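Topology and contacts: notes
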Amino acid sequence: MIKQIKFSVILISIFTIFSCGDDDSNNQETQNIYEGCCSTEPVFGANVDNLDQSAGEIEVFTIVTQNEDGINDMFSIRNIELYSNHIVTIYNSVDEQIYESTNYTDFEAMFPGYPQGENGRASIISNGTYRYKIVIENEETFRKSGSFCVYTFPDPQPNFEGCNLGSQFDPVIANPPN
């Protein structure tokens, strides 16, 4: 009887040890960190555009590659400098606000920002999908929201189809590591 109890305890212990690693929440390799990346769908309610954009249309570039080559290193918004009364807010994948600026025209104020890290370098943020919200004047005048991708090395090759890469194609995206 004692041998059977010891054997049962050993079996239960072995089962418990080997089953701990099977939890889906612990297996990040199976999660797609780029899900929703570069989606054209608004993420914080419908977009609103009652703004006279004759000075220049607001255009969001939906990819950030923090490889310090000067191409797509920051979250870029074309023509935001033409509209002084704006707020740019960035959220992580669980919709926690991680950044906000009312002066997005200044290169040092751009996300992820210079300098935030050591040695005057930008803080590297994690690869994956982030969300943005841009408000000009107020939410009834102009509100635009959506998703963008952050991609740095090392990482498996994500699919950037549908992303607005801007006027220059980053060679890192053209030739990601294998």
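Computed from a predicted model, the values in this text were never measured in an experiment.

A tally of regular secondary structure across the chain gives 2 helices and 8 strands. When the helices and strands of the chain are read in sequence order from the N terminus, they spell out α-β-β-β-β-β-β-β-β-α. Expressed as a percentage of the 178 residues in the chain, the buried residues total 39%. Excluding contacts between residues fewer than 6 apart, the proportion of contacts in the chain whose partners are at least 24 apart in sequence is 60%. Accessible surface, the chain as shown: approximately 11000 Å² in total, 49% of it carbon and sulfur.

Model confidence for the chain is summarised by a mean pLDDT of 74, while 62% of its residues fall at 70 or above. Across the chain, element-level confidence peaks in strand β1 (residues 48-49) with a mean pLDDT of 96 and bottoms out in helix α1 (residues 2-19) with 47. Across residues 5-30 the pLDDT falls below 50, and counting only partners more than four positions away or on other chains, this stretch makes 3 contacts in the model. In this model, residues 115-122 is a region of pLDDT below 50 whose contacts with residues beyond four sequence positions or in other chains number 13 contacts.

Our focus in this paragraph is the environment of aspartate 106. Turning to its location among the elements, aspartate 106 is positioned in the loop between β6 (97-101) and β7 (128-136). Overall, the relative accessible area of 34% leaves aspartate 106 in the partly exposed class. When the C-alpha atoms of aspartate 106 and glutamate 81 are compared, they prove to be 8.4 Å apart, with 25 residues separating the residues in sequence.

Before going further, it helps to examine the layout of surface pockets. If you add up the space inside the largest pocket, you get close to 280 Å³. Lining of the largest pocket is provided by 15 residues; of these, Asn32, Ile33, Ser93, Gly128 and Thr129 occupy positions nearest its centre. Here the lining of the largest pocket gets 4 residues from one element, more than from any other, and that element is β7.

This part covers the packing of aromatic side chains. Counted according to the given criterion, the structure contains 9 aromatic pairs. For the ring pair phenylalanine 111 and tyrosine 130, a centre distance of 6.3 Å and an interplane angle of 55° mean the geometry is tilted. Placement of phenylalanine 111 in the loop between β6 and β7 and of tyrosine 130 in strand β7 is noted, with a sequence separation of 19 residues between them. Using a relative accessible area of 3% as the deciding quantity, one classes phenylalanine 111 as buried. One aromatic cluster in this structure is built from Phe75, Tyr99, Tyr104, Phe111, Tyr130, Tyr132 and Phe148.

Moving on: the pairing of strand β5 (residues 86-91). Across the 6 residues that make up β5, a large majority, 5, are buried. The pairing of β5 with β7 spans 6 bridges and is classified as antiparallel. Paired with threonine 89 across the strands is lysine 133, a residue of β7. Bridging between β5 and β6 involves 4 bridges; their strand directions are antiparallel. Considered in β6, the bridge of threonine 89 is made with glutamate 100. The hairpin turn running from β5 into β6, its antiparallel successor, is 5 residues long, and aspartate 95 in that turn takes a positive phi close to 60°.

Right, let's talk about the nonpolar core for a bit. In terms of nonpolar packing, the biggest core is built from 24 residues, with Phe75, Ile77, Ile90, Tyr104, Ile134 and Phe148 touching the most fellow members. For this core, the elements supplying multiple residues, two or more each, are β5, β7 and β8 (142-150). The element contributing the most residues to this core is β7, with 4 residues. Judged by nonpolar contacts, the second largest core, of 7 residues, contains Cys37, Cys38, Cys149 and Tyr151.

Here we come to the pattern of salt bridges. Applying the stated criterion across every chain yields a total of 4 salt bridges. Among the ionic pairs, lysine 133 bridges to glutamate 139, the shortest N-O distance being 2.9 Å. By relative accessible area, which is 29% here, glutamate 139 ends up partly exposed. Close ionic contact of arginine 143 with glutamate 139 constitutes a salt bridge, the shortest N to O distance being 2.6 Å. On the accessibility criterion, arginine 143 (14% relative accessible area) is buried. Among the charged side chains, a salt-bridge network with shared partners connects Lys133, Glu139 and Arg143.

Cut-off values and rules
- Residues numbered from 1 in each chain as written.
- Predicted model: local features only at pLDDT ≥ 70, side-chain atom pairs only at ≥ 80, totals over all residues.
- Heavy atoms only, no water.
- Helix = DSSP H or I, 4+ residues; strand = E, 2+ residues; numbered from the N terminus.
- Buried < 20%, exposed > 50% of the residue type's maximum accessible area, 1.4 Å probe, protein only.
- Contact = heavy atoms within 4.5 Å.
- Areas by Shrake-Rupley, 256 points an atom, 1.4 Å probe, with all protein chains shown as cover.
- pLDDT = per-residue confidence, 0-100.
- 1 Å grid on protein atoms, 1.4 Å probe; cavity = no way out; pocket = protein on both sides within 12 Å on 5 of 7 lines; lining within 4 Å.
- Points joined across faces, edges and corners; volume = space filled by probe spheres on them.
- Phe/Tyr/Trp six-rings, centres within 6.5 Å; stacked < 30°, edge-to-face > 60°.
- Pairing = 2+ DSSP bridges.
- Core = buried A, V, L, I, M, F, W, Y, C linked by side-chain atoms within 4.5 Å.
- Salt bridge = Lys/Arg side-chain N within 4 Å of Asp/Glu carboxyl O.

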